Amino acid sequence: MIGEWKKYGLFLICIVTMLACVYHTPDEDWEKNGKVRLILDWQNRNNLPESMTYYFYKDETALPIVRTGSASGYEGTLPSGHYRVAVCNTGCMNVTLEMENGYEAACGKTQQLSVLKSASIRIDSPGSLYGAGGELIEVGGSKIVAGELSPASLVRTLEMNIKVIGGDKGEIAPAVLSGRLTGVSSRVHIPSGKPLFDTPAFMIFEPEEVSPGVYVSSLSLFGLSPGEEGEEPVDLSLTMTLADGKEITSSTDITEDVKDAFTASITTHVILDLVVRYDEMGGLTITLTDWKPGSDGSGVVTP
């Protein structure tokens, strides 16, 4: 009896061994699937997102295969084929991702604040959105297809230093400032980081007075219009409210002055130095005295 049980046990071991040799999980069917490994090179950037989402676009398909990975990369399997990939962090404040219309239309969209229909929409400041994209070679088989991408910040910072003066003697004009900036991008292409200007948009801001007559304001945005045909110009409007409640508004077109601000270098931080002159006869005059990368430090330039 004991001998029969031993034979039976040996038989079961043989069956299990044979099944283990021929059985594969569905992902390991290398005639239909392939291995892929993506590495993200953040180039010594700190404060990385906790995770990243990977959108794999197979040729001639609009809907991506979506995978979640870490900020360091992703490794897994995909159905065999040729892919392009877009990578970004999700859950970004004031940003809606539009990723289901193909690689070329994979975008992040800033939250719209205005509810009334108009030629231009008011938008909010986007949170910290990072992205990258590129081609993947043919995926298929058990050999890993490896690639490397370098995510970049898709959100720029526009800092404004504003000095308010009044009269011929340049004395300080006590005031409360508010502003409006047009020619702002409401969407950004995730893979390339290119800001899009197909929908005219503007932002409202309220500069803070940091010392008598000196104001600062900082805006997060995807980009400023370079003023190409069909695009809205970058128009800076300031409203000054005087101590007696009187309001004076003036605006200036700064498109040509700042068209290269975010493209002339790799900086994502640009500083505008502005001087606002007020007198009772002439009203407000806004002068952009300088712009520079944020790494150069800020400081108001006096006329």
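Residues numbered from 1 in each chain as written. Predicted model: local features only at pLDDT ≥ 70, side-chain atom pairs only at ≥ 80, totals over all residues. Heavy atoms only, no water.

## Description of unusual backbone geometry
Here is step 1 of the chain: Despite not being glycine, N44 shows a phi value in the positive range, around 65°.
Here is step 2 of the chain: Along the chain, N44 falls in the loop between β1 (33-40) and β2 (51-58).
Here is step 3 of the chain: The phi torsion at N94 lies on the positive side, around 65°, for a residue other than glycine.
Here is step 4 of the chain: Inspection of the secondary structure assignment puts N94 in the loop between β5 (81-88) and β6 (95-98). (Helix = DSSP H or I, 4+ residues; strand = E, 2+ residues; numbered from the N terminus.)

## Some points on the nonpolar core
One broad trend across soluble globular proteins is that nonpolar side chains are buried collectively.
Here is step 1 of the chain: I162, L181, M240 and L272 are the most contacted members of the largest nonpolar core, which totals 34 residues.
Here is step 2 of the chain: Ranked by residues supplied to this core, first place goes to strand β21 (residues 269-279) with five residues.
Here is step 3 of the chain: By size, the runner-up hydrophobic cluster in this structure holds 18 residues, among which are L38, Y54, Y83 and L149. (Core = buried A, V, L, I, M, F, W, Y, C linked by side-chain atoms within 4.5 Å. Buried < 20%, exposed > 50% of the residue type's maximum accessible area, 1.4 Å probe, protein only.)

## Re the packing of aromatic side chains
Here is step 1 of the chain: Across all of its chains, the model carries five aromatic pairs by this definition.
Here is step 2 of the chain: On the numbers, 5.6 Å between centres and 75° between planes, the contact of W42 with Y130 is edge-to-face. Remark: Y130 occurs in strand β9 (residues 130-139) and W42 occurs in the loop between β1 and β2; sequence separation between them is 88 residues. Exposure class is identical for W42 and Y130. Each is buried.
Here is step 3 of the chain: With a centroid separation of 5.8 Å and an interplanar angle of 50°, the aromatic rings of F56 and Y74 are classed as tilted. Of this pair, F56 sits in strand β2 while Y74 sits in strand β4 (residues 73-79), and the two are 18 residues apart along the sequence.
Here is step 4 of the chain: In this structure F56 comes out as buried when scored by relative accessible area, which is 1%. (Phe/Tyr/Trp six-rings, centres within 6.5 Å; stacked < 30°, edge-to-face > 60°.)

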